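Geometric and topological summary
Read off the chains here:
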Amino acid sequence: MMGMQATNLQNLPENYVMKFWMYHAMTWPQISFVAEDHKGRIVGYVLAKIEEEGELHGHVNSISVLRSYRRLGLAKKLMLLSQEAMSSVYRANFVSLHVRKSNKAAIGLYRDTLGFEVAKIEEGYYGDGEDALSMRLALVSH
């Protein structure tokens, strides 16, 4: 948990209290993953949950990879692991996420590499007032 939080604090403006991390880890342990370096240090993570209101689906709360470990396919691998678990463990119909409208690299990963589509734009979603793209991807059921 501490390693995931440290990676989050180093890379992202949206940070979470330890209680948030613990709640996700205890409630949906099968759908969050970490990437470690050869010394066992966490260099990336995906933190996800299951939404049961409305249509059952997964939601990626946060994903981050340390800068020196980017462009190695870690974010893609973490996302695929989480999506597979959402589908196989929880029978989720789709996965959703929010991304800053200005985060071109992440949008490229989600849209071009993983196949997500923009469902809508949420104006002023982030604390600093930036808009978010609300994206979603249909999951293949297992």
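Residues numbered from 1 in each chain as written. Predicted model: local features only at pLDDT ≥ 70, side-chain atom pairs only at ≥ 80, totals over all residues. Heavy atoms only, no water.

The strands making up a sheet associate through backbone hydrogen bonding, with each pair oriented either parallel or antiparallel. Strands sit in the order 1-2-3-4-6-5 across an open sheet of 6 strands; the sheet is mixed. Only two strands of the sheet have a single partner each, and these edge strands are strand 1 (33-36) and strand 5 (117-122). Recorded for the sheet is a direction-independent mean angle of 25° between the axes of neighbouring strands. Looking at chain direction, strand 5 and strand 6 (residues 132-138) are connected through 5 bridges and run antiparallel. Looking at the pairing, Glu 122 lines up with Ala 132 of strand 6. The sheet strands contacting helix 4 (residues 104-113) are strand 3 (57-65), strand 4 (94-100) and strand 6, and the helix crosses strand 4 at an angle near 160°. (Pairing = 2+ DSSP bridges. Helix = DSSP H or I, 4+ residues; strand = E, 2+ residues; numbered from the N terminus. Axes fitted to C-alpha atoms, helices over the stretch in contact; angles between N-to-C directions. Contact = heavy atoms within 4.5 Å.)

This part is about helix 4. Where helix 4 is concerned, the buried positions are Ala 106, Ile 107, Gly 108, Leu 109 and Tyr 110. Residues of helix 4 that are buried sit in contact with strand 3, helix 3 (74-90), strand 4 and strand 6. Downstream of helix 4 by a residue or two, Gly 115 has a phi angle that is positive, lying close to 90°. (Buried < 20%, exposed > 50% of the residue type's maximum accessible area, 1.4 Å probe, protein only.)

Once that is clear, we can look at the environment of Phe 94. In this fold, Phe 94 is placed in strand 4. Relative accessible area serves as the criterion here: at 7%, Phe 94 is assigned to the buried category. Along the backbone, Phe 94 and His 59 are 35 residues apart, and their C-alpha atoms lie at a distance of 8.5 Å. In contact with Phe 94, other than residues within four places in its own chain, are Glu 55, Leu 56, His 57, Gly 58, Arg 136, Leu 137, Ala 138 and Leu 139.

Any two side chains of opposite charge can pair, given that their charged atoms come close. The tally for this structure, following the rule as stated, stands at 6 salt bridges. For the salt bridge of Asp 37 with Arg 41, the shortest nitrogen-to-oxygen distance reads 2.7 Å. Taking the relative accessible area as the measure of exposure, Asp 37 reaches 9% and is therefore buried. On the accessibility criterion, Arg 41 (45% relative accessible area) is partly exposed. Glu 130 serves as the salt-bridge partner of Arg 100, at 2.6 Å between the closest nitrogen and oxygen. Here Arg 100 is found in strand 4, whereas its partner Glu 130 is found in the loop between strand 5 and strand 6, with 30 residues between them in sequence. (Salt bridge = Lys/Arg side-chain N within 4 Å of Asp/Glu carboxyl O.)

Let's shift gears to the packing of aromatic side chains. Tallied over the entire structure, the rule returns 3 aromatic pairs. Measuring from centroid to centroid gives 5.4 Å for Tyr 23 and Trp 28, while their planes differ by 90°, and the two rings are edge-to-face. For Tyr 23, a relative accessible area of 48% translates into the label partly exposed. Relative accessible area serves as the criterion here: at 9%, Trp 28 is assigned to the buried category. Directly above the aromatic system of Tyr 126 lies the positively charged group of Arg 100, at a separation of 4.3 Å from the ring centroid. Directly above the ring of Phe 94 sits Arg 136, whose terminal nitrogen or CZ lies 3.5 Å from the centroid. (Phe/Tyr/Trp six-rings, centres within 6.5 Å; stacked < 30°, edge-to-face > 60°. Lys NZ or Arg CZ within 6 Å of the ring centre and 35° of its normal.)

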